Amino acid sequence: MIDHIIREHAEQTKRSPESSVLEVKHLSIYYGDKQAVKDVNMNIEKHAVTALIGPSGCGKSTFLRQINRMNDAIPSARSEGEILYEGLNILGEAVNVVSLRREIGMVFQKPNPFPKSIYNNITHALKYAGERRKAVLDDAVEESLTKAALWDEVKDRLHSSALSLSGGQQQRLCIARTLAMKPAVLLLDEPASALDPISNARIETLLTELK
Ligand SMILES: Nc1ncnc2c1ncn2[C@@H]1O[C@H](COP(=O)(O)OP(=O)(O)OP(=O)(O)O)[C@@H](O)[C@H]1O
Ligand SMILES: [Mg+2]
């Protein structure tokens, strides 16, 4: 699984403890001179749901974005320390970030569907990865939309624009889009804050099932 993420990892010899999928070591993150995350050390266990709780502005989103390298897109952001994924430091320069994000998926607080159809939002990354078989793509659409508790609402309008969905539906679509890639790690930044209590409960049930 790891080989396609790391192009050169000869110097990487560390191994995670069996039960951890991620090991965070002395992680600090800065925006320019301002430190947003200070010396975080923690292990994230496999087959578990881990929640980060803290006041607004304490660095939760910054920390999550570092785990799949989304902070790379912020010019002023830099980090110190290591995040080991199955024993390899994903903050190293040799990491293939596109492959990393396929294994470590992320859903953001604000829904960000592509300006495409519902169907194409789900299949976009699969097609990019080379999948062309219609039956496989159709199955992925139904399965991921069902898991994200959206299938019944959209099954008759799969080729409508994703932007015609409500905010909460768009967020469930973004969750489905991420699930379709079957990531090993799912990073969720307050994904249910725009959802009604019933959708929220379904997402919580989904997370319990996934782990
Ligand atoms: N792109 C950025 N450039 C500069 N500073 C930033 C940037 N993004 C976040 N920060 C700052 O970093 C700190 C941590 O922000 P972050 O968004 O990680 O907090 P949070 O814990 O997710 O908060 P919330 O609960 O409100 O979502 C804050 O002081 C914020 O102002
Ligand atoms: Mg946040």
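Position labels on residues start from 1 in each chain and follow its written sequence. Chains carry letters and ligands carry numbers; both start at the beginning, A for chains and 1 for ligands, and go up in the order they are written. In keeping with the predicted nature of the model, local features appear solely for residues at pLDDT of at least 70, side-chain atom pairs appear and are counted solely at 80 or more, and the whole-chain, interface and lining totals rest on all residues. With hydrogens and water stripped out, all remaining heavy atoms of the structure feed into the side-chain values.

A.B. asks: Quick question: what am I supposed to make of the domain arrangement of the chain here?
C.D. replies: You'll often see interface size given as the accessible area lost when the parts meet. Where a domain begins and ends is set by an automatic assignment or by a domain database. Per the domain assignment, the segments making up the chain are domain 1 (20-107) and domain 2 (118-210). Taken over C-alpha atoms, the centre of domain 1 sits 24 Å from the centre of domain 2. Listed per partner, the contact involves 16 residues of domain 1 and 17 residues of domain 2. By buried area we mean how much accessible surface two parts lose on assembly, using a 1.4 Å probe and totalling the loss over both. Each partner contributes to the roughly 1,300 Å² buried at the junction of domain 1 and domain 2, and carbon and sulfur atoms together form 66% of this total. For this analysis, a salt bridge means a side-chain nitrogen from Lys or Arg found within 4 Å of a carboxyl oxygen belonging to Asp or Glu. Run the count over domain 1 and domain 2 and you get zero salt bridges. Two N or O atoms count as a polar contact when they lie within 3.5 Å, although within protein this holds only if one can serve as hydrogen donor and the other as acceptor, and sequence-adjacent residues are included solely when both atoms are side-chain atoms. Connecting domain 1 to domain 2 are seven residue pairs in polar contact (both at pLDDT 80 or more). The numbering of helices and of strands both runs from the N terminus, where a helix is a DSSP run of H or I of at least 4 residues and a strand a run of E of at least 2. Residue assignment for the side of domain 1 that touches domain 2 shows that the elements contributing at least two residues are β1 (20-31), α1 (60-67), α2 (97-103) and β5 (104-107). Partitioned by chemical class, the residues of the side of domain 1 that touches domain 2 number ten nonpolar, three polar and three charged. We call two residues contacting when some pair of their heavy atoms lies within 4.5 Å. In the scheme used here, Gly and all other residues not listed as nonpolar or charged are polar, with Ala, Val, Leu, Ile, Met, Phe, Trp, Tyr, Cys and Pro taken as nonpolar and Asp, Glu, Lys and Arg as charged.

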